[in-house]
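A look at the structure
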Amino acid sequence: FPPHIFVASSKSEIFIPFRAPSYSAVKKALPDNIQLITFTKLPSEKYETYLIRLGHQYGYGEDQYLSAPVKVDMNNLLLGFDVVSVVEKTLSGNQDWEKWQEQRLRWENDHTEITSEWTTSLTSGNSVILNPLEIRTFEVQAILIEDDVTASS
């Protein structure tokens, strides 16, 4: 039997038949300090619906630039789709964040004063701000853009 080569090096411009081209379903690259943790298609009758979980990868003071809060435009996440709506969910993705905020238990304590409430930071235009070490979950509904599909085929 002839030997089989399992590992070899070659110049990047040389065509290798088993090398698969890379593909990304994201329109634009995410910021360097943001990670796409979950990207799951959900059942839906009217729109294409996805559960998307994003995570900020740096803590406060860990890096001069990468530790800063960052704005992510949810419109840039789905290649070939136009985002119709973005709803923030709880981390587990099973409840709307705002509905959970209304129903959650609030502890009363005479010794400390709560200075701020957790709030969603969805801004206009379907953008979201992620703070250091924050993980956020969103339900994104989108419709297929016919022009993008035909242009790519």
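Considerations on the packing of aromatic side chains
Evaluated as defined, the whole model comprises two aromatic pairs. Ring centres of Tyr50 and Phe81 lie 6.1 Å apart, and the angle between their planes is 75°; on these two criteria the pair is classed as edge-to-face. Remark: Phe81 occurs in strand S4 (residues 81-89) and Tyr50 occurs in strand S2 (residues 48-56); sequence separation between them is 31 residues. Tyr50 sits in the buried class, given a relative accessible area of 9%. Through pairs of rings, three or more aromatic residues link up here, namely Phe39, Tyr50 and Phe81.

Observations regarding the environment of Pro132
As for its position among the elements, Pro132 is in the loop between strand S6 (127-130) and strand S7 (135-144). Between the C-alpha atoms of Pro132 and Ala68, which are 64 residues apart in sequence, the distance is 6.6 Å.

A closer look at the nonpolar core
Membership of the largest hydrophobic core comes to 17 residues, with the highest contact counts inside it found for Leu54, Met74, Leu78, Leu130, Phe138 and Val140. Contributing elements (two or more residues each) for this core: S2, strand S3 (70-73), S4, S6 and S7. Residues in contact with Val140, not counting those within four places in the same chain, are Glu48, Thr49, Tyr50, Ile52, Met74, Leu78, Val83, Ser85 and Val86.

Rules used throughout
- Residues numbered from 1 in each chain as written.
- Predicted model: local features only at pLDDT ≥ 70, side-chain atom pairs only at ≥ 80, totals over all residues.
- Heavy atoms only, no water.
- Phe/Tyr/Trp six-rings, centres within 6.5 Å; stacked < 30°, edge-to-face > 60°.
- Helix = DSSP H or I, 4+ residues; strand = E, 2+ residues; numbered from the N terminus.
- Buried < 20%, exposed > 50% of the residue type's maximum accessible area, 1.4 Å probe, protein only.
- Core = buried A, V, L, I, M, F, W, Y, C linked by side-chain atoms within 4.5 Å.
- Contact = heavy atoms within 4.5 Å.

Geometric values such as these leave the question of function open.
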